[in-house]
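Next come the chains, spelled out residue by residue.
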Amino acid sequence: MLDLDNIQLAIQGDSYHCPIKGEIEFNPNGLILVDHAGDIIATYRQDDLQYIQVLAQLQHANKLQVLNKGQYLLPGLVDLHCHASQWPQAGKGLDLPLYDWLQNYTFPLENRYQDNQLATAVYQDVSQRLLANGTTSAVYFASIYRQSTELLAKACLSIGQRAFVGKINMDNPEQCPDYYREASVADAIEDTELFIHNVQSLHGNQAGLVKPVITPRFVPSCSHELLKALGGLVQQHDLHMQTHCSESDWARDYSKQHYNMTDIELYAETGLLNHKSILAHSIFLTQSDITTIKQVDAGIAHCPLSNMFFANAAMPARELLNQDIHIGLGSDIAGAPTPSIFRSAFDAVSHSRVREEGVSIYLSAEQRGIANSRISFNEALWMATNGGGKVLKEKIGIFAPSFHFDAIVVEAKVQVGNLRIWPEFDSPQDVIEKIIALAQPENVSKVWVQGKQVI
Ligand SMILES: [Zn+2]
């Protein structure tokens with residue numbers, strides 16, 4: 001017998017998820033039961049023995065939410081890399097090289113976040129836009145300003161988005177503008193410790209829906225002393241750490257010239273690297289770096305569209321997936337302009353196809369690309385959901401008992417938008433490929449985070 005008192009929410013409908021990398025599991029008319037804490041108690045397939053009995057009990061108790069045909073339940077999407085403060089910059093200056101883009105657009109904008117009113121307006125908007133696109137979990141960079149970064153954590157908590165929020169640390173006078181850097185290592189650490197405490201003790205955050213993240217911007221913007229002190233905080237508080245890693249030729253060469261190390265070697269040496277590290281980009285990794293990432297169980301945020309503008313090269317996603325490195329996806333707002341992880345998934349596929357086929361018409365077809373380097377739509381959806389959960393070490397990204405119920409309904413039959421499903425032509429696999437390729441916010445009709453409906 002079901003303990004009906006224990007059930008907060010029960011949904012019957014067509015669902016998809018990716019428990020195994022590269023495979024889609026379609027569950028027509030499946031049942032998902034969620035408890036009052038927002039965690040999944042049980043899932044049933046139509047052909048399970050108890051299905052009919054459980055369904056009857058839920059119907060009798062009037063506890064069932066039934067999805068219509070043409071509505072598809074998916075795990076909520078995970079954005080592993082988003083600069084919330086750069087949201088007003090999305091779509092601007094993408095012709096510039098990274099250094100000029102940062103100096104001309106990004107640093108002057110981030111410096112505006114001393115203004116808490118501006119911060120509240122931008123941060124509420126970015127959290128809501130990501131949710132509207134189906135992103136139930138987001139990992140955010142904010143700015144160096146603690147107070148307004150706490151407002152980002154507050155905004156996510158009140159809107160109901162699972163969030164990992166970082167107050168940026170940067171102090172290197174050679175690389176950071178005078179007007180936008182932390183005054184000293186001691187100030188940076190004191191402020192960051194206060195930030196950690198304040199986010200963890202936010203009213204309503206007892207379950208830890210919003211978590212603080214240690215956030216050294218990237219190697220060039222931080223002194224070695226600051227990296228080391230932040231590594232101490234990571235160890236002391238068992239926190240997530242996010243940073244940019246080997247993103248471009250320039251970033252890779254900077255670490256080589258200044259430390260005679262790779263970024264990964266430096267993050268390991270300073271105590272920053274562990275199983276909760278979220279390494280954005282990670283394009284120029286050595287084989288030894290990959291081995292280290294695997295050993296410590298760290299994860300990578302793959303941001304394919306941003307890579308096309310700023311990375312100087314293409315991410316070897318195929319090779320990393322083959323080595324079972326945890327990889328999820330990032331929008332990298334505003335290094336890329338689109339706040340959609342469906343779009344990142346689509347870009348990850350097309351990006352890998354360009355790698356495989358190559359680009360130069362002056363080479364023969366055999367010499368042009370890198371054989372067997374494509375990734376599939378199913379692998380892209382795995383990264384957007386389950387892979388992101390594995391990077392974060394959170395129970396999100398699949399529908400399974402004890403996992404948090406973070407989910408979205410994608411709906412094909414809406415007037416506005418381009419997603420069209422033709423039941424006479426489209427198999428379950430076709431449907432999921434179309435969702436990745438065509439779903440827009442208009443198609444995301446419901447969103448739950450930790451069992452609570454937020455859209
Ligand atoms: Zn970034």
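Residues numbered from 1 in each chain as written. Predicted model: local features only at pLDDT ≥ 70, side-chain atom pairs only at ≥ 80, totals over all residues. Heavy atoms only, no water.

### Some words on the UniProt feature "domain: Amidohydrolase-related" (unreviewed entry) in the protein
Logical step 1: Mapped onto this numbering, the UniProt entry gives "domain: Amidohydrolase-related" (unreviewed entry) at residues 72–454.
Logical step 2: With 43% helix and 17% strand, residues 72–454 has end C-alpha atoms that lie 17 Å from one another. (UniProt positions renumbered as here; feature names shortened; annotations may be inferred. Helix = DSSP H or I, 4+ residues; strand = E, 2+ residues; numbered from the N terminus.)

### Looking at helix H14 (residues 377–392)
At 3.6 residues per turn, the α-helix brings residues three or four places apart onto the same side.
Logical step 1: In this model H14 runs 22 Å from its N-terminal to its C-terminal C-alpha over 16 residues, within 8% of the 22 Å that 1.5 Å per residue would give.
Logical step 2: In H14, a bend of some 45° at Met383 exceeds every other bend along the element.
Logical step 3: With 14 of 16 residues buried, H14 lies mostly within the body of the structure. (Expected span 1.5 Å × (residues − 1). Bend = angle between axes of the 7 residues up to and from the residue. Buried < 20%, exposed > 50% of the residue type's maximum accessible area, 1.4 Å probe, protein only.)

### Topic: the coordination of the zinc ion
Logical step 1: Each protein donor to the zinc ion is listed here as His81 (NE2), His83 (NE2), His244 (NE2) and Asp332 (OD); together their distances run 2.1 to 2.7 Å.
Logical step 2: For the zinc ion, the four donor atoms in the first shell make angles of 81 to 171° at the metal, a pattern classed as irregular.
Logical step 3: Between consecutive donors of the zinc ion, the numbers of intervening residues give the motif H-x1-H-x160-H-x87-D. Within this pair, whereas His81 is found in strand E6 (residues 77–83), its partner Asp332 is found in the loop between strand E13 (326–329) and helix H12 (341–357), the two being separated by 251 residues in sequence.
Logical step 4: By relative accessible area, which is 4% here, Asp332 ends up buried. (Donors = N, O, S within 2.8 Å, 3.2 Å for Na, K, Ca; no water. Tetrahedral: all angles 85-135°; square planar, octahedral: opposite > 155°, others 65-115°.)

### Some details on the state of the cysteines
Logical step 1: Scanning all chains against the criterion turns up zero disulfides.
Logical step 2: Looking at the unpaired Cys156, the closest cysteine sulfur is the one in Cys82, lying at 9.4 Å.
Logical step 3: Owing to a relative accessible area of 0%, Cys156 belongs among the buried residues under this scheme.
Logical step 4: No disulfide involves Cys176; its nearest neighbouring cysteine sulfur is the one of Cys222, lying 7.0 Å away. (Disulfide = S-S within 2.5 Å.)

### Things to note about the packing of helix H5 (residues 185–200) against helix H6 (residues 224–237)
Logical step 1: For the pair H5 and H6, interaxial distance at closest approach is 10 Å and the crossing angle is 25°. Taken together, the axes of H5 and H6 lie roughly parallel to each other. Judged by the sense of rotation from one axis to the other, the crossing of H5 with H6 is right-handed. From H5, Val185, Ala188, Ile189, Thr192, Glu193 and Ile196 reach across to H6, where they touch Glu225, Leu226, Ala229, Leu230, Leu233, Gln236 and His237.
Logical step 2: Residues of the contact of H5 with H6, tallied by class, amount to eight nonpolar, three polar and two charged. (Axes fitted to C-alpha atoms, helices over the stretch in contact; angles between N-to-C directions. Parallel < 35°, antiparallel > 145°, perpendicular 65-115°, else oblique. Left-handed = near helix turned anticlockwise from the far one by under 90°. Contact = heavy atoms within 4.5 Å. Nonpolar A, V, L, I, M, F, W, Y, C, P; charged D, E, K, R; others polar.)

### So, the pattern of salt bridges
Logical step 1: Per the stated rule, a full pass over the model turns up 22 salt bridges.
Logical step 2: When the shortest N-O distance is used, the salt bridge between Asp178 and Arg181 registers 2.8 Å.
Logical step 3: A relative accessible area of 27% places Arg181 in the partly exposed class.
Logical step 4: With a closest N to O distance of 2.9 Å, Glu319 and Arg355 form a salt bridge. (Salt bridge = Lys/Arg side-chain N within 4 Å of Asp/Glu carboxyl O.)

### Concerning the nonpolar core
Logical step 1: Counting residues in each nonpolar core, the largest one holds 110 residues, and the members touching the most others are Leu74, Tyr123, Tyr140, Ile214, Leu279, Phe342 and Ile435.
Logical step 2: Here this core gathers at least three residues from each of two domains, domain 1 (4–75 + 397–453) and domain 2 (77–392).
Logical step 3: Ignoring any residue separated from it by four or fewer positions in sequence, one finds Leu74 in contact with Tyr16, Phe342, Leu381, Phe399, Asp406, Ala407, Ile408, Ile432 and Ile435.
Logical step 4: Ranked by size, the runner-up nonpolar core spans 15 residues in total, among them Ala400, Phe405, Ala407 and Val409. (Core = buried A, V, L, I, M, F, W, Y, C linked by side-chain atoms within 4.5 Å. Domains from an automatic or database assignment.)

### Observations concerning the sheet that holds strand E7 (residues 135–141)
Logical step 1: Strand order in the open sheet formed by eight strands is E6-E7-E8-E9-E10-E11-E12-E13, and the pairing between neighbours is parallel. At either end of the open sheet lies a strand with only one pairing partner, and these are E6 and E13. Along the sheet, successive strands turn relative to each other by an average axial angle of 25°, direction set aside.
Logical step 2: Inspection of the sheet shows E6 paired to E7 by five bridges, in the parallel sense. Paired with Asp79 across the two strands is Ala138, which belongs to E7.
Logical step 3: Along the sheet, helix H3 (residues 116–132) makes contact with E6 and E7, crossing E7 at roughly 140°. (Pairing = 2+ DSSP bridges.)

### Digging into the environment of Pro97
Logical step 1: With respect to the element layout, Pro97 can be found in the loop between E6 and helix H2 (98–110).
Logical step 2: Expressed as a C-alpha distance, the spacing of Pro97 and Ile168, which sit 71 residues apart in the sequence, is 22 Å.

### Focus: the environment of Trp101
Logical step 1: Among the structural elements, Trp101 can be located in helix H2.
Logical step 2: Exposure remark for Trp101: the relative accessible area of 3% places this residue in the buried category.
Logical step 3: Linking Trp101 and Leu33, residues 68 residues apart in sequence, is a C-alpha distance of 48 Å.
Logical step 4: Residue contacts for Trp101: discarding those within four places in its chain leaves Gln86, Gln89, Lys92, Gly93, Leu94, Leu96, Thr106, Phe310, Ala334 and Gly335.

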